[in-house]
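Listed below, chain by chain, are the residues.
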Amino acid sequence: MAKQEIILLDVWASMYSMKVKIALAEKGIPYECKCEDLNNKSQFLLDMNPVYKKVPVLIHNGKPICESSIIVEYIDEVWNDKAPLFPSDPCGKAHARFWADFINKKLYQIGRKLYTTKGEEHEAARIEFMDCLKLLEGELGDKPYFAGESFGYLDLSLIPFYSWFQVYETYGNYNFDYECAKLIAWAKRCIQNKVSVASTLPDLPKVFAYVQQEYYIG
Ligand SMILES: N[C@@H](CCC(=O)N[C@@H](CS)C(=O)NCC(=O)O)C(=O)O
């Protein structure tokens, strides 16, 4: 392949950006990371993602690709000679996409309520968030990874959330080791066995300190 210019616009604590970083690491693709300040977005970000104005954005040889799931699919398609992220059968692929969509839409939104709301709304989010984790735990079953024996798209879509688990556990008043032990074991397996994951995820206390500072709700 001819020389590639690959730039990633990201924010270190963004779970969406982490997904893309893990995919790039799985494929062994070197890239330049440009960290954005979301309170003062660069003109470059606004030009590259004029519709949503969000990170992550992958810029491949000058062409922007937006939305984390679309970026990961793009990476898997372009660099298809190594570490396939999706199952090859259409049904397995659709299944992985379904759960990744669930994670993007539900888990993120409800998880956010744990540290941004109080009272009844918080209590409802607390219950719903655990229900989501239980659904995901059921989907994992007794397999080492979501698709079976090897790490793939669904693992990559969920594992960034683990870096926020101290936040969810503290603000949601959970005990994850007790309440979703299988999911915690899976997360530790991903970190232990996958350099792409271990080298991407920030430390849990760092994320916790960031949320405490950004979202203090009294
Ligand atoms: N659906 C998007 C969500 C990306 C997203 O929400 N990014 C956040 C950072 S985690 C962002 O850039 N927020 C800036 C804003 O909302 O203005 C994706 O999957 O890439």
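Position numbers for residues start from 1 in each chain and track the written sequence from start to end. Local features in this predicted model are restricted to residues of pLDDT 70 or higher, and side-chain atom pairs are both shown and tallied only at a pLDDT of 80 or more, whereas totals for entire chains, interfaces and linings draw on every residue. Side-chain numbers here rest on the full set of heavy atoms in the structure, without hydrogens or water.

Visitor: So what's going on with the nonpolar core? Which residues, and what values?
Guide: To qualify as a nonpolar core, a set must consist of buried Ala, Val, Leu, Ile, Met, Phe, Trp, Tyr and Cys residues joined through side-chain atoms within 4.5 Å. Each residue gets one of three labels from its accessible area relative to the maximum for its type: buried under 20%, exposed over 50%, partly exposed in between, using a 1.4 Å probe on protein chains only. The biggest cluster of nonpolar side chains holds 61 residues, and the ones touching the most others in it are W164, Y168, F176 and W186. Strands here mean DSSP runs of E at least two residues long; helices mean DSSP runs of H or I at least four residues long; both are numbered from the N terminus. For this core, the element with the most residues is helix α4 (residues 90-116), which contributes nine residues. Shared between two domains, this core holds at least three residues of each, these being domain 1 (6-78) and domain 2 (90-214). The contact definition used throughout considers only heavy atoms, calling two residues in contact when any of these lie within 4.5 Å. Ignoring sequence-local partners within four residues, the contact set of W186 consists of L140, P144, Y145, F146, D155, L158 and I159. Judged by nonpolar contacts, the second largest core, of eight residues, contains I7, L9, L45 and I59. What counts as a domain boundary in this text is fixed by an automatic or database domain assignment.

Visitor: Which residues make up the site of the ligand, and what values do they have?
Guide: All residues adjacent to the ligand are S14, Y16, L38, K41, K54, V55, P56, E67 and S68. Here a polar contact is recorded for every N or O atom pair within 3.5 Å, except that within protein the pair must consist of a potential hydrogen donor and a potential acceptor, and residues adjacent in sequence are included only if both atoms are side-chain atoms. Within the contact set of the ligand, an oxygen atom lies 2.5 Å away from a side-chain nitrogen or oxygen of K41. Residue V55 places a main-chain N or O atom 2.8 Å away from a nitrogen atom belonging to the ligand. Calculation on the ligand without its partners gives an accessible area of 520 Å², and the protein chains cover 76% of this total. When residue character is reported, Ala, Val, Leu, Ile, Met, Phe, Trp, Tyr, Cys and Pro are called nonpolar, Asp, Glu, Lys and Arg charged, and the others, Gly included, polar. Of the residues contributing to the shell around the ligand, the split by class is four nonpolar, two polar and three charged. To be near a molecule or strand, a residue needs just one of its heavy atoms within 4 Å of it. Accessible surface is estimated by sampling points in the Shrake-Rupley manner with a 1.4 Å probe; for residues, cover comes only from the protein chains shown.

Visitor: Lay out the domain arrangement of the chain in plain terms, naming residues and giving numbers.
Guide: Note: interface size is frequently given as the accessible area lost on complex formation between the parts. Once the domains are mapped, the chain shows domain 1 (6-78) and domain 2 (90-214). Computed from C-alpha coordinates alone, the two centres of domain 1 and domain 2 are separated by 21 Å. Of the residues lining the interface, 15 residues belong to domain 1; the matching set on domain 2 comes to 22 residues. For the pairing of domain 1 and domain 2, the buried interface totals around 1800 Å² over both sides, and the portion due to carbon and sulfur atoms is 70%. Summed over both partners, the accessible area (1.4 Å probe) lost when two parts come together is defined as the buried area. Area buried by domain 1 at its contact with domain 2 is led by W12, M15 and I22, which between them contribute 39% of it. Throughout this description, the term salt bridge denotes a Lys or Arg side-chain nitrogen within 4 Å of a carboxyl oxygen of Asp or Glu. The salt bridge involving K194 is made with E26; its shortest N-O contact spans 3.4 Å.

Visitor: Account for the pattern of salt bridges, naming residues and giving values.
Guide: Under the counting rule described, the total for this entry stands at nine salt bridges. Between E73 and R97 there is a salt bridge, with the nearest N and O atoms lying 3.0 Å from each other. Of this pair, E73 sits in helix α3 (residues 68-78) while R97 sits in helix α4, and the two are 24 residues apart along the sequence.

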